[in-house]
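Residue strings, one per chain:
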Amino acid sequence: MATLRIAMAPGDGIGAEIMSATLELFRAAGVMEQVEFVPVEMGRSVFETGNTRGMTDEAIRTTEECGVLFKGPMETPKGSGGKSINVTARKMWNAFANLRHFMALPGVETVYTRAGIPVNFYIVRENIEDTYGGVEHRLSNDMIQCKRLISAPGSDQVSRFAFQTARRLGLKHVHCGHKANIMKMTDGLFLDRFRFAAKDFPEIQTADVIIDALCMNLVVKPQQYQMIVLPNLQGDIVSDLAAGLVGGLGFAPSANIGRHISIFEAVHGTAPDIVGRGIANPTALILSGLMMLRHIGLTGPAATVQNALFAALESGARTGDFGDAGKPALGTRDFAKAIMDRLGEKPRTVPASVGDGERPTFKKPERPAHQQVIRTFTNVVTHPVGCDVYLDTPLSPIAVADEMMRACEDTPFRLTLISNRGTQVWPTGSIYTECVDYYRVRFEMREGFRAGDFGQSRCIALLDKIAEKFTVCSYELLRVFDGVRGYSLAQGQ
Ligand code: NAI
């Protein structure tokens, strides 16, 4: 009699084919004695009813009750209002960490296996913030903006999860990948919080690596990494690079971990080019399912299935997308059958997986009574010291400066800088800097004023005056936080 319910959405495209093969394998390994997979409706069929979330209310309710969702790939409608279900689900349920394991599998030949270079590492990617908020605006005829949001609590959650996972897996090194040399404040915060979290895990060595160098290192010497923690967009890109190191997306499992709800899925998409032919490779979904079984405490069946999978791969079992082309390619079902036939066997070429959890230990935390506000820094003393005003105008920097100097007469502010696309163009700048029709104009306190002498309303009054002649697209308050500047300088300032 099953004791735990898991919401299950087969997905679109090849989803149904690989999900049914995976569940058949799990049934053969005895998983269904412990787990009931409850089908939920998500994906294309739901989008087609005009539901832009792509999941029914019932599917949302069931997933929230279960706390675990096992899903196949889902198509993101192009051009219509429908948003990616994967992104919606991760954000809506606060699945803040994306965990992926990249491991060379037996029978999956790559340049690294041929060279005898072992590849076996994890990526923990922040899963909610960064540019994935999709907060985008057209600011002028020629300029579009996407806001990149990185928070301290969000960074804390992902780094703590990474270190806890590294400790559970017995890893010795964790790296933080970032671009804090350029994005000193956003990536700087991500890196600072990584270092802060590391203090509670003294047995784990840490290092940081700039994202571009990381990409090269991964290609040249992947064996130097055990776990890499990354912000969202960088993590997205590096994860696919990493999938390439182990044979492609067909072998990349992923877990989206949240405090209340976790989602397990393969990294690849719906593979529209091979749908309905029964030839899709279910390995990535099976591996995602193994991460899920371990997450709920069924480490015994997870080890049994993993050993059988590896034994089958060693024997040359393959689908058409990988392996020794001299051996026949199996269809999805026959590939799953080849694994089932080896349940109870151990692989020869890689260490056997072990685990003895035969009953689910997962307990979903109580449903929160209301949305939580999570905070890292409290009791910070902040004061406005100026504002950045963003203008939609085709004027030249000099002409903008003339107008802005007039606008700030008789206010607490003086014009200190104008930048275009982040590069200072006034009071000094290069004649070679080409400008577009969108400017940032910085106003800072005049001499004689001190932080705390005026409030935000003085900035709003200035905006009001500027707006009489210009289109003000947005503005950012410049503040000091416990005396520390809370804004970046322009390139060239
Ligand atoms: P894709 O991953 O579906 O396909 C890329 C290539 O890899 C294709 O040639 C495909 O045949 C092959 N492939 C992928 N999975 C395979 C498997 N299990 N076995 C054998 N071959 C496999 O990526 P694409 O074409 O960019 O996206 C197709 C659709 O999938 C889009 O609608 C996209 O939005 C969606 N998608 C969904 C994801 C998810 O639900 N997690 C992730 C990525 C894309």
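Residues numbered from 1 in each chain as written. Predicted model: local features only at pLDDT ≥ 70, side-chain atom pairs only at ≥ 80, totals over all residues. Heavy atoms only, no water.

So, the side chain of Ser353
- The topology assignment puts Ser353 in the loop between α12 (332-340) and β13 (382-392).
- Exposure remark for Ser353: the relative accessible area of 12% places this residue in the buried category.
- Polar contacts involving the side chain of Ser353 include one to the side chain of Arg294, which spans 3.0 Å.
- When sequence neighbours within four positions are dropped, the list of residues in contact with Ser353 reads Arg294, Ala303, Gln306 and Asn307. (Helix = DSSP H or I, 4+ residues; strand = E, 2+ residues; numbered from the N terminus. Buried < 20%, exposed > 50% of the residue type's maximum accessible area, 1.4 Å probe, protein only. Polar contact = N/O pair within 3.5 Å; in protein donor to acceptor, adjacent residues only side chain to side chain. Contact = heavy atoms within 4.5 Å.)

Things to note about the environment of Ile418
- Within the secondary structure, Ile418 is located in strand β14 (residues 413-420).
- Ile418 sits 184 residues away from Gln234 along the chain, and the two C-alpha atoms are 30 Å apart.
- Discounting residues that sit within four places of it in the chain, Ile418 has contacts with Pro397, Val400, Ala401, Thr423, Gln424, Val425, Trp426, Tyr439, Arg440 and Val441.

So, the layout of surface pockets
- Approximately 2,300 Å³ is the volume found for the largest pocket.
- Met185, Thr186, Gly486, Tyr487 and Ser488 are, among the 50 residues lining the largest pocket, the residues nearest its centre.
- Mapped by element, the contributors of at least two residues to the lining of the largest pocket are β7 (144-146), α7 (186-198), β13, β14, β16 (438-445), β17 (471-481) and β18 (484-485).
- Looking at the lining of the largest pocket residue by residue, the class counts come to 24 nonpolar, 13 polar and 13 charged. (1 Å grid on protein atoms, 1.4 Å probe; cavity = no way out; pocket = protein on both sides within 12 Å on 5 of 7 lines; lining within 4 Å. Points joined across faces, edges and corners; volume = space filled by probe spheres on them. Nonpolar A, V, L, I, M, F, W, Y, C, P; charged D, E, K, R; others polar.)

A look at the packing of helix α8 (residues 211-220) against helix α9 (residues 232-245)
- Relative to each other, α8 and α9 sit at 10°, their axes nearing to 10 Å. Taken together, the axis directions place α8 and α9 in an arrangement best described as roughly parallel. Contact with α8, carried on its side by Ile211, Leu214, Cys215, Leu218 and Val219, involves Gln234, Val238, Leu241 and Leu245 of α9 and no other residues of that element.
- When its residues are assigned to classes, the contact of α8 with α9 shows eight nonpolar, one polar and no charged. (Axes fitted to C-alpha atoms, helices over the stretch in contact; angles between N-to-C directions. Parallel < 35°, antiparallel > 145°, perpendicular 65-115°, else oblique.)

Looking at the sheet that holds strand β5 (residues 120-126)
- The sheet built from ten strands is open, its strands ordered β2-β1-β3-β12-β11-β4-β5-β10-β8-β9 with mixed pairing. Every other strand in the sheet has two partners, leaving β2 (35-39) and β9 (205-210) as the edge strands with one partner each. In this sheet, neighbouring strand axes are inclined to one another by 25° on average, regardless of whether the strands run parallel or antiparallel.
- Alignment of strand β3 (residues 68-71) against strand β12 (residues 262-266), held across four bridges, turns out to be parallel. By the bridge assignment, Val68 is partnered in β12 with Ser262.
- Here helix α6 (residues 152-169) sits on the sheet in contact with β4 (97-103), β5, β8 (173-178), β9, β10 (227-230) and β11 (253-257), set at roughly 160° to β5.
- Relative to β5, α9 is tilted by about 160°, and along the sheet it contacts β4, β5, β8 and β10. (Pairing = 2+ DSSP bridges.)

Some points on helix α4 (residues 85-92)
- Within α4 the residues assigned to the buried category are Ile85, Asn86, Thr88, Ala89 and Arg90.
- Check the buried side of α4 and you find it contacts α2 (44-47), β3, β5, β11 and β12.
- Near the N-terminus of α4, the side chain that reaches the backbone nitrogen of Asn86, with its oxygen 3.3 Å away, is that of Ser84.

Observations concerning the sheet that holds strand β15 (residues 423-426)
- What the six strands build is an open sheet, ordered β15-β14-β16-β13-β17-β18; its pairing is antiparallel. The open sheet terminates on both sides in strands that have one partner only, identified here as β15 and β18.
- Where β13 meets β16, seven bridges bridge the pair, whose relative direction is antiparallel. Across the sheet, Gly386 pairs through a bridge with Glu444, a residue of β16.
- Across the sheet, helix α14 (residues 456-466) lies against β13, β14, β16 and β17, angled at about 160° from β17, the strand it touches most.

So far we have only geometry, and geometry alone does not tell us how the molecule works.
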